[in-house]
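Residues per chain, in single letters:
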Amino acid sequence: MSYKQYYQGFFQRHPDSLHCAPHSHHYWPDVTRAAQLQYWDDTAQGVDHKWNQIFGVRVPAVQTLLAELLQHPHPEQFVFASNTHELLYRVMSCFDLSQPVSILTTDSEFHSFSRQLRRLQERSNLTVTVVATEPFASFPQRWLEAVTADAYTLIFTSQVFYNSGVVGPDLNDWVPQADPESTIVVDGYHGCGAIPTNLSTVADRIFYLAGAYKYLQAGEGCCFMAVPKGCQLRPEYTGWFADFANLAKPQQGEVQYADDGLRFAGSTMDFSALYRLESVLQWWQQEQLSVDHMHGYVQQLQQGFLAVLDEAGHPLVNRQRLLVNSLAQHGHFFTFRLDNPDQVQQLAEKLAKAGIETDYRGNRLRFGFALYHDVADYQRLKKALSSH
């Protein structure tokens, strides 16, 4: 079955492109356009009272849809912000930075976190333990050894690593082994909506971050965090949404927080992206597009893609250049390691001239897969790669 008919708005504007960068900016399905207009209509209708509609109807609806998607038992524990970094830093602001802080992470975390970490390391009381993700075969064991070696203030890692597409260790294999006092944050941005995810056994132990920009297909501006049930942390970085239900009460004395995920909320944001996300998740349910189904479809695409590469016989873009060969260890994009950044840039530019959109980081060239692809689309690669 082809799913291209659901993305006509984007295809009409890119009729000659093969978009192999959905892990960077995913095409939006057509249902998101009506959702964007609905946000405008609700704003026109409610004006300043639109918050009643947003917090009374829209937020609970999306919380429920996300909880079902991720098999999370507590919908009320989902909190929203414009980006995941805002939510992450709100968690970090709960720590007493005048005291020693220890952080465990990997060398493959997204730019915002790695940049923030470098800045925090200017503090003399911060210690960081970094585990290399490569070699990937031994990473799960090395990660578990690091997790159990100390009682860290913060453990931060990814569900799927952004710079490789490689799936991280199963949460159930290491989260229960961590020190009970450690705060655990999992960056699920490249996993949510792509990799079947069941948070039911770790929901009360981890903060799970993700957003709509990648595989949830609703664009930028709507990120979320699942907060452990019963969490009593008091983020120093806070805003008026964090105790929204009690705004009319006197605001003296100790700062109070909501008893659910909203305790990590911030301040005024554009909720149009929340509307778009709701429309995508509802569309998935109506069409019975489970993450398991979509993941299976993408794995079929990946097999077809590799078969085309085998036929093309390119010296650089081939199975041997993949960071990991097993489909079971991949999210929804492949990463090929070439010899140097110049080689990658030249090849990416050559593909772009042939209408094939990819992206790259350093000496790594990335190809992503999406519902709006068919296996037949990849035949374009043979022609584009043939003149090597």
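Attention in this report is confined to the structure presented alongside it. (Residues numbered from 1 in each chain as written. Predicted model: local features only at pLDDT ≥ 70, side-chain atom pairs only at ≥ 80, totals over all residues. Heavy atoms only, no water.)

### Structural notes on the overall build of the protein chain
- Helix and strand content of the protein chain: 11 helices and 12 strands.
- Relative to the globule expectation of 21 Å for 388 residues, the C-alpha radius of gyration of the protein chain, 22 Å, shows essentially globular dimensions.
- With the C-alpha coordinates of the protein chain rotated into their principal frame, the extents come out at 70 × 55 × 35 Å.
- A total of 388 residues make up the protein chain; the buried ones form 54% of that total.
- At a minimum sequence separation of 6, the contacts of the protein chain that also span at least 24 residues come to 74%.
- A total accessible area of about 17,200 Å² is found for the protein chain, and carbon and sulfur atoms account for 49% of it.
- Positive and negative side-chain charges in the protein chain, numbering 29 and 40 respectively, have mean positions lying 7 Å apart. (Helix = DSSP H or I, 4+ residues; strand = E, 2+ residues; numbered from the N terminus. Rg over C-alpha atoms; globule rule 2.2 N^0.38 Å. Buried < 20%, exposed > 50% of the residue type's maximum accessible area, 1.4 Å probe, protein only. Contact = heavy atoms within 4.5 Å. Areas by Shrake-Rupley, 256 points an atom, 1.4 Å probe, with all protein chains shown as cover. Lys, Arg positive; Asp, Glu negative; His and termini not counted. Charge placed at Lys NZ, Arg CZ, Asp CG, Glu CD.)

### Structural notes on the packing of helix α2 (residues 31-46) against helix α8 (residues 272-286)
- At a minimum axis distance of 8 Å, the contact between α2 and α8 shows a crossing angle of 135°. The angle between α2 and α8 falls in the class oblique. By crossing handedness, the relation of α2 to α8 is classed as right-handed. Taking contact as the criterion, the partners of V31, T32, A35, Q36, Q38, Y39 and D42 in α2 are, on α8, S272, Y275, R276, S279, V280 and W283.
- For the contact of α2 with α8, the per-class residue count stands at 6 nonpolar, 5 polar and 2 charged. (Axes fitted to C-alpha atoms, helices over the stretch in contact; angles between N-to-C directions. Parallel < 35°, antiparallel > 145°, perpendicular 65-115°, else oblique. Left-handed = near helix turned anticlockwise from the far one by under 90°. Nonpolar A, V, L, I, M, F, W, Y, C, P; charged D, E, K, R; others polar.)

### Focus on unusual backbone geometry
- E134 connects to P135 through a cis peptide bond whose omega is 0°.
- One non-glycine residue, Q71, adopts positive backbone phi at about 50°.
- Along the chain, Q71 turns up in the loop between α3 (50-70) and β2 (78-81).
- Residue class for Q71 comes out partly exposed when judged on its relative accessible area of 44%.
- The phi angle at Q217 is positive, at roughly 65°, despite the residue not being glycine.

### Side note on α2
- Here α2 is 16 residues long and its end C-alpha atoms lie 23 Å apart, about the 22 Å a rise of 1.5 Å per residue gives.
- Buried residues along α2 sit against α3 and α8.
- Count one or two residues on from α2 and you reach V47, which has phi positive near 50°. (Expected span 1.5 Å × (residues − 1).)

### Things to note about the side chain of T84
- Among the structural elements, T84 can be located in helix α4 (residues 84-92).
- Accessibility expressed as a relative area gives 16% for T84, which makes it buried.
- Sequence-distant contacts of T84, defined by excluding residues within four places in its chain, comprise Y189, L209, A210 and C223.

### Comments concerning the packing of helix α9 (residues 291-312) against helix α11 (residues 379-386)
- α11 packs onto α9 with a crossing angle of 30° between their chain directions and a minimal axis gap of 9 Å. The angle between α9 and α11 places the two elements in the roughly parallel class. Here the hand of the crossing between α9 and α11 comes out right-handed. Contact residues: F305, V308, L309, E311 and A312 in α9; Q379, L381, K382 and L385 in α11.
- Of the residues contributing to the contact of α9 with α11, the split by class is 6 nonpolar, 1 polar and 2 charged.

### Side note on the pattern of salt bridges
- The full count for this structure, using the stated rule, is 15 salt bridges.
- Salt-bridge contacts for E311 lead to K382; the nearest nitrogen and oxygen are separated by 2.7 Å. Here E311 is found in helix α9, whereas its partner K382 is found in helix α11, with 71 residues between them in sequence.
- Two residues, R321 and D339, come together in a salt bridge whose shortest N-O distance is 2.9 Å. Taken together, the residues R321 in the loop between α9 and β9 (333-337) and D339 in the loop between β9 and α10 (341-353) connect sequence positions 18 residues apart.
- Salt bridges here are not isolated pairs; linked through shared partners, they connect K4, D374 and D377. (Salt bridge = Lys/Arg side-chain N within 4 Å of Asp/Glu carboxyl O.)

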